[in-house]
Each structure stands twice: as C-alpha cells, then as structure tokens.
Amino acid sequence: MTIPNIITLMRFVLVPAVVFALLTENVDWAFAGFLLAGISDGVDGFIARQFNQRTELGAYLDPIADKLLLVSVFVVLGYMGHLPLWLVIAVVSRDALIVGGVLLATIMGNPVAMKPLFISKANTLAQILVAAMILAELSLEYPFGPLHDGLIYLCGLLTVASGAAYLVNWIKHMSGYVDTGP
C-alpha cells in the first residue's frame with residue numbers, strides 16, 4: 001500500500017461526502033470536497049511518478065475513483081435539475097458502455113488493454129470543468145452565462161465522440177483487426 005494508493009482510497013470516501021453535501025444543499029461543502037478530490041488526484045499522480053510509487057492497484061483505483069466521483073456528481077446535479085438530463089444520460093451511458101465492453105471482452109477470453117484515448121482525456125477534462133462550474137455557480141452564486149451553455153454542449157459532444165471512439169476500438173479488438181500502420 002503506497003502513499004498514492006492511500007490518497008486515492010481517501011478520494012473514494014469523498015464521493016459519498018460530496019453526494020450527501022449536495023443532497024442536503026450544503027453546496028459549499030460539496031464544492032470544497034470536489035476541489036479536494038481534484039487536488040488529491042493531482043497529488044497522488046505526482047507522488048507516484050516522482051517517487052516511483054506506481055502500482056498496478058493504483059492504475060486501476062485512480063480512474064475508478066475519478067469516474068465514480070464524476071458520475072455521482074453528474075447524476076445528483078441532474079436529479080437536482082442543475083444539469084440537463086440528456087447530458088447525464090450520455091455520461092452514464094458512455095461509462096456503462098466502456099465497463100460493459102471491458103467485462104464482456106474479459107469474459108470472452110479476449111481482454112482489452114485499457115489505454116485512454118486523447119478524445120477520452122478531453123472528455124474527462126470537459127466533465128470536470130462542467131461539474132466544477134456548476135458547483136461553483138451554486139456555491140458562489142455566480143452565473144457563468146454563455147460559458148455555462150458552451151461547456152455543457154462541448155461536454156455532450158465530447159462524451160458522444162469518446163463513447164463512439166471506444167466502441168469502434170472495441171469492435172476492432174473483438175474482431176481481431178490489427179492496425180499495421182501506413
């Protein structure tokens with residue numbers, strides 16, 4: 001058990017705390033917890049790289065903690081009416097598609113090596129920015145105006161594009177397609 005893994009496990013504890021704070025309308029605490037989770041994600045990654053504390057467990061736990069927080073916050077913000085339901089459905093469906101594809105490939109004896117795509121990294125950044133923006137709007141009582149709608153639509157577009165890219169890669173993988181390059 002390394003320090004980065006302990007920090008990551010603490011992020012798992014933050015998820016129900018942030019959700020509870022949102023549902024009890026303690027938006028300042030929810031925003032603070034979300035920011036703390038984001039900072040701790042950067043800190044655990046830095047420590048893992050700088051002090052050679054990367055582990056296989058950490059490689060699995062870190063993205064699970066990130067997605068659990070993001071999906072939970074999106075679902076609750078959607079439930080509370082602060083995010084459009086179409087975006088919440090897109091975000092949850094994309095993640096379910098990826099997890100389902102990985103599980104199915106593994107069960108079928110053809111495991112998929114999970115490598116984040118560039119579009120997926122851009123999508124995750126957009127999701128983080130949307131969640132942080134909404135939480136900031138609620139906590140600081142400051143509307144972000146046109147930026148609000150722009151980020152929502154960008155996040156939706158990137159979510160769909162990322163899901164489609166993973167689906168195409170999964171189909172290629174399952175059909176045995178090997179890209180030999182140009």
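Structure: above.
Rules used throughout
Residues numbered from 1 in each chain as written. Predicted model: local features only at pLDDT ≥ 70, side-chain atom pairs only at ≥ 80, totals over all residues. Heavy atoms only, no water. Helix = DSSP H or I, 4+ residues; strand = E, 2+ residues; numbered from the N terminus. Rg over C-alpha atoms; globule rule 2.2 N^0.38 Å. Buried < 20%, exposed > 50% of the residue type's maximum accessible area, 1.4 Å probe, protein only. Contact = heavy atoms within 4.5 Å. Areas by Shrake-Rupley, 256 points an atom, 1.4 Å probe, with all protein chains shown as cover. Lys, Arg positive; Asp, Glu negative; His and termini not counted. Charge placed at Lys NZ, Arg CZ, Asp CG, Glu CD. Expected span 1.5 Å × (residues − 1). Phe/Tyr/Trp six-rings, centres within 6.5 Å; stacked < 30°, edge-to-face > 60°. Polar contact = N/O pair within 3.5 Å; in protein donor to acceptor, adjacent residues only side chain to side chain. Salt bridge = Lys/Arg side-chain N within 4 Å of Asp/Glu carboxyl O.

1. Concerning the overall build of the chain
Stage number 1. For the chain, the helix and strand inventory stands at 6 helices and 0 strands.
Stage number 2. Ordering the α and β elements of the chain from the N terminus gives α-α-α-α-α-α.
Stage number 3. A globule of 182 residues ought to have a C-alpha radius of gyration of about 16 Å, and the chain, at 17 Å, matches this closely.
Stage number 4. Oriented by its inertia axes, the alpha-carbon framework of the chain measures out at about 55 × 40 × 30 Å.
Stage number 5. Expressed as a percentage of its 182 residues, the buried residues of the chain come to 38%.
Stage number 6. Pairs at least 24 residues apart make up 76% of the contacts formed inside the chain by residues separated by at least 6 positions.
Stage number 7. Split by element, the accessible area of the chain, about 10,700 Å² in all, is 72% carbon and sulfur.
Stage number 8. Taking the average location of the 8 positive side-chain charges in the chain and that of its 12 negative ones, the two points are 14 Å from each other.

2. Focus on helix H3 (residues 56-79)
Stage number 1. End to end, H3 covers 35 Å across 24 residues, agreeing with the expected 34 Å (1.5 Å per residue, within 8%).
Stage number 2. The positive-phi residue at the C-terminal boundary of H3 is Gly81, with phi of around 85°.

3. Some remarks on the side chain of Ser162
Stage number 1. Along the chain, Ser162 falls in helix H6 (residues 146-175).
Stage number 2. Residue Ser162 is classed as buried on the basis of its relative accessible area, which comes to 0%.
Stage number 3. Those residues in contact with Ser162 that sit more than four places away from it in its chain are Arg94, Ile119, Ser120 and Asn123.

4. Section: the packing of aromatic side chains
Stage number 1. Tallied over the full model, the rule gives 2 aromatic pairs.
Stage number 2. Arranged with centres 5.8 Å apart and planes meeting at 15°, the rings of Trp86 and Tyr153 form a pair that is stacked. Separated by 67 residues along the polypeptide, Trp86 in helix H4 (residues 85-107) and Tyr153 in helix H6 bring together distant segments of the chain.
Stage number 3. A ring pair is formed by Tyr142 and Phe144, whose centres lie 5.4 Å apart and whose planes are at 90°; its orientation type is edge-to-face.

5. Things to note about the environment of Asp41
Stage number 1. By secondary structure assignment, the location of Asp41 is in helix H2 (residues 27-50).
Stage number 2. Between the C-alpha atom of Asp41 and that of Arg11, which follows or precedes it by 30 residues, the distance is 7.9 Å.
Stage number 3. Aside from chain neighbours lying at most four places away, what touches Asp41 is Arg11, Asp62 and Asp66.
Stage number 4. Side chain to side chain, Asp41 and Arg11 meet in a polar contact 3.4 Å long.

6. Some thoughts on the pattern of salt bridges
A pair can form between side chains of opposite charge whenever their charged atoms are brought close.
Stage number 1. On inspection of all chains with the given rule, the structure shows 6 salt bridges.
Stage number 2. Linking Arg11 and Asp41 is a salt bridge whose minimum nitrogen-to-oxygen distance equals 3.4 Å. In this pair, Arg11 is assigned in helix H1 (residues 3-23) and Asp41 in helix H2, connecting sequence segments 30 residues apart.
Stage number 3. For Arg11, a relative accessible area of 3% puts it in the buried group.
Stage number 4. On the basis of relative accessibility, which here comes to 23%, the residue Asp41 falls in the partly exposed class.
Stage number 5. In this structure, the salt-bridge partner of Asp44 is Arg11, at a minimum N-O distance of 2.5 Å. One end of the pair, Asp44, is in helix H2; the other, Arg11, is in helix H1, with 33 residues separating them in the sequence.
Stage number 6. Given a relative accessible area of 4%, Asp44 falls into the buried group.
Stage number 7. Look at the salt bridges and you will find they share partners, linking Arg11, Asp41, Asp44, Asp62 and Asp66 into a network.

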